Amino acid sequence: MAARLLLRSAFGAATVCRAARVSARVSAPVPALTRGMAAGGIPTDEEQATGLEKIIMKATKEGTDPYSMMKPKQYTGSKADPHLVPSITNKRIVGCVCEEDNTAVVWFWLHEGEAQRCPSCGSHYKLVHHELPH
């Protein structure tokens, strides 16, 4: 299958080169080489993607992140700019590593409404409603 595709594309390129040599004598425009599906080339990722992969590729082109795959925005953790925690319910358990070299995680429940503080370090967290993409 792959050999057939390579031979087909090589044959197409040779035909274009022969036409270019002949047209150079006649001074006609030279046709450009194309890589489209109609020309029998190998499809690009965008042409070949289907289903969820296609949805994700379209979303990344638009600048959105439907499945939360990208790194989240950094927040200061203050009362004015709390860490936003997405949830599909009205509460969620949150783990806070209070210091950079700390090995213990402080777990606490975060409820919908006002921003809440970590009981150990004082960072603020706020629960935001999140809709599932499908």
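Every value quoted in this text rests on a predicted model; they were computed, and no experiment measured them.

Moving on, we get to the environment of Asn 102. Along the chain, Asn 102 falls in the loop between β2 (91-96) and β3 (106-111). Only 3.3 Å separates the side chain of Asn 102 from the backbone nitrogen of Ala 104, close enough to count as a polar contact.

A few words now on the packing of aromatic side chains. Under the definition given, this model contains 1 aromatic pair. Ring centres of Phe 108 and Tyr 125 lie 5.6 Å apart, and the angle between their planes is 65 degrees; this geometry places the pair in the edge-to-face category. Within this pair, whereas Phe 108 is found in strand β3, its partner Tyr 125 is found in strand β5 (residues 124-129), the two being separated by 17 residues in sequence. Taken individually, Phe 108 and Tyr 125 each receive the classification buried, so the pair is uniform in this respect. Positioned above the aromatic ring of Trp 109 is the side chain of Lys 91, whose terminal nitrogen or guanidinium carbon lies 5.2 Å from the ring centre.

With that settled, the discussion passes to a nonpolar patch on the surface. Among the surface-exposed residues, Ile 93, Val 97, Val 105, Trp 107 and Trp 109 lie close enough to one another that they form a single nonpolar patch of about 520 Å² accessible area. Tracing the backbone shows Trp 109 in strand β3. On the basis of relative accessible area, Trp 109 is assigned to the partly exposed category, the value being 47%.

Attention shifts here to the sheet that holds strand β1 (residues 83-87). Strand order in this open sheet of 3 strands is β1-β5-β4, and the pairing throughout is mixed. Two strands lie at the open edges of the sheet, namely β1 and β4 (116-117), each paired on one side alone. Here 5 bridges tie β1 to β5, and the two strands are oriented parallel to one another. Bridging across to β5, Val 85 finds its partner in Leu 127.

Position of Ser 87 relative to the elements: it lies in strand β1. Here Thr 89 takes part through its backbone nitrogen, which lies 3.1 Å from a polar atom of the side chain of Ser 87. Sequence-distant contacts of Ser 87, that is, excluding residues within four places in its chain, are made with Arg 92, Leu 127, Val 128, His 129 and His 130.

Of all hydrophobic cores here, the largest spans 9 residues; its members are Val 85, Val 94, Cys 96, Cys 98, Phe 108, Leu 110, Cys 118, Tyr 125 and Leu 127. Within the residue set of this core, elements represented by two or more residues are β2, β3 and β5. Setting aside anything within four residues of it in sequence, one finds Val 94 in contact with Val 85, Val 106, Trp 107, Phe 108, Leu 110 and Tyr 125.

Parameters and conventions
Residues numbered from 1 in each chain as written. Predicted model: local features only at pLDDT ≥ 70, side-chain atom pairs only at ≥ 80, totals over all residues. Heavy atoms only, no water. Helix = DSSP H or I, 4+ residues; strand = E, 2+ residues; numbered from the N terminus. Polar contact = N/O pair within 3.5 Å; in protein donor to acceptor, adjacent residues only side chain to side chain. Phe/Tyr/Trp six-rings, centres within 6.5 Å; stacked < 30°, edge-to-face > 60°. Buried < 20%, exposed > 50% of the residue type's maximum accessible area, 1.4 Å probe, protein only. Lys NZ or Arg CZ within 6 Å of the ring centre and 35° of its normal. Patch = residues over 30% accessible without salt bridge, like charges linked within 9 Å, V, L, I, M, F, W, Y side chains within 5 Å. Areas by Shrake-Rupley, 256 points an atom, 1.4 Å probe, with all protein chains shown as cover. Salt bridge = Lys/Arg side-chain N within 4 Å of Asp/Glu carboxyl O. Pairing = 2+ DSSP bridges. Contact = heavy atoms within 4.5 Å. Core = buried A, V, L, I, M, F, W, Y, C linked by side-chain atoms within 4.5 Å.

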